[in-house]
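One letter stands for each residue in the lines below.
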Amino acid sequence: MNPEPLVLHEIDGPVATLTLNRPKALNALNPELMDQLIGVIADLDKNDAVRCLVLTGNARAFAAGADIKAMADSTPTQMVKEQRFANWSDVQRYSKPIIAAVSGFALGGGCELAMLCDIIIASETAKFGQPEINIGIIPGAGGTQRLARAIGPYRAMELILTGNQIDAQEAYAAGLVNRVVPVERYLREAQELAAEIAARPPIAVRLAREAVRYGADTTVRDGLEIERRNFYLLFDSADQKEGMHAFLEKRKATFRGE
Ligand code: CAA
């Protein structure tokens, strides 16, 4: 019998919901789970019917970090040979937006995984932090860079040097999360937002996401160049013609992703 998948997924119309499935270990992210997650995202990327993804855990934990058991006795040589954590960036490599629906712990690699997503919806019980310092290491899957860009270097520095957690409201105030909602609603809220994005023209969504993401990593000048090129490119899409003509004809546009 096959073991239960470490990442479940279900498709509802244009929205796919991916659920991290190691609840007993608070969804600690081991290499097998990350391989499965990236595999599911890659598969969904090829499915034109799916336009937006939601990534979630459970009410108690989005993910409590990289799996400490899986690395406690590792050597640097093993880390280098296996390029541990290097593949995590693949989470954001594909074309469809991903919304993280976070409840409970999003710590260490869990916070880093949420930050690999494009939008973060938090339940009131969500806790974010980079506690690696407490176990003698530092964030290793983007935390020092992405958290500093998300909430500013000073606040990120305090979290990374102390390992302290912030709650959902503090994360919202710091700009790390988009919305904070009651725990009963966080997943539904993320799925509704995903459905809203999924109703937009997919090529424009893709190129807008790419421009924002690229721009966050580069100079304003290069970012503007990407934005302009993507803008010009969209004038080759049927959805641009449909969107503009529907506006002029005062009717609702139907986007086909072409
Ligand atoms: N790795 C492996 N197992 C973990 C884990 C992790 N990151 N986090 C939790 N677990 C396991 C626990 O070992 C425990 O398993 P057992 O029942 O088999 O003992 C189970 O999940 C439940 O955890 P707790 O009993 O500790 O639950 P709690 O409610 O008392 O505490 C917690 C919750 C505060 C999140 C605590 O589990 C904790 O501190 N976890 C570790 C957080 C952490 O240090 N994360 C960073 C990891 S390193 C990293 O992520 C590196 C990177 O940048 C890529």
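Residues numbered from 1 in each chain as written. Predicted model: local features only at pLDDT ≥ 70, side-chain atom pairs only at ≥ 80, totals over all residues. Heavy atoms only, no water.

## Overview of the sheet that holds strand 6 (residues 105-107)
Paired through their backbone hydrogen bonds, the strands of a sheet run either parallel or antiparallel. Read across the open sheet, the four strands follow the order 4-6-8-9; overall the sheet is mixed. Strands with a single pairing partner mark the edges of an open sheet, and in this sheet they are strand 4 (61-63) and strand 9 (165-167). In this sheet, adjacent strand axes meet at a mean angle of 20° when their direction is disregarded. As paired elements, strand 4 and strand 6 share two bridges and run parallel to each other. Residue pairing across strands places Ala-61 opposite Phe-105, the latter belonging to strand 6. (Pairing = 2+ DSSP bridges. Helix = DSSP H or I, 4+ residues; strand = E, 2+ residues; numbered from the N terminus. Axes fitted to C-alpha atoms, helices over the stretch in contact; angles between N-to-C directions.)

## Quick look at helix 10 (residues 238-248)
All of the buried residues along helix 10 are Asp-239, Gln-240, Glu-242 and Ala-246. Looking straight down helix 10, one finds that the buried residues subtend no more than 165° of arc, so they occupy a single side. Contacts made by the buried residues of helix 10 are with helix 8 (202-216). (Buried < 20%, exposed > 50% of the residue type's maximum accessible area, 1.4 Å probe, protein only. Arc of directions from axis to C-beta. Contact = heavy atoms within 4.5 Å.)

## Looking at the site of the ligand
Surrounding the ligand, one finds 25 residues, the nearest of these being Arg-60, Gly-109, Glu-112, Glu-132 and Gly-140. Within the backbone of Ala-66, an N or O atom sits 2.9 Å from an oxygen atom of the ligand. Within the side chain of Glu-132, one N or O atom sits 2.7 Å away from an oxygen atom of the ligand. Elements with a contribution of two residues or more to the shell around the ligand: strand 6 and helix 3 (109-116). (Near = heavy atom within 4 Å. Polar contact = N/O pair within 3.5 Å; in protein donor to acceptor, adjacent residues only side chain to side chain.)

## Some words on the domain arrangement of the protein chain
When the parts come together, some accessible area is lost, and that loss is often what is quoted as the size of the interface. The domain boundaries assigned to the protein chain delineate domain 1 (7-198) and domain 2 (202-248). Taking only C-alpha atoms, the centre of domain 1 and the centre of domain 2 are 26 Å apart. When the area that domain 1 buries against domain 2 is broken down by residue, the three leading residues are Gln-92, Ser-95 and Asp-118, summing to 51%. Close ionic contact of Arg-209 with Asp-118 constitutes a salt bridge, the shortest N to O distance being 2.9 Å. Tallied by class, the residues present in the side of domain 1 that touches domain 2 amount to six nonpolar, two polar and four charged. (Domains from an automatic or database assignment. Buried area = accessible area lost by both parts, 1.4 Å probe. Salt bridge = Lys/Arg side-chain N within 4 Å of Asp/Glu carboxyl O. Nonpolar A, V, L, I, M, F, W, Y, C, P; charged D, E, K, R; others polar.)

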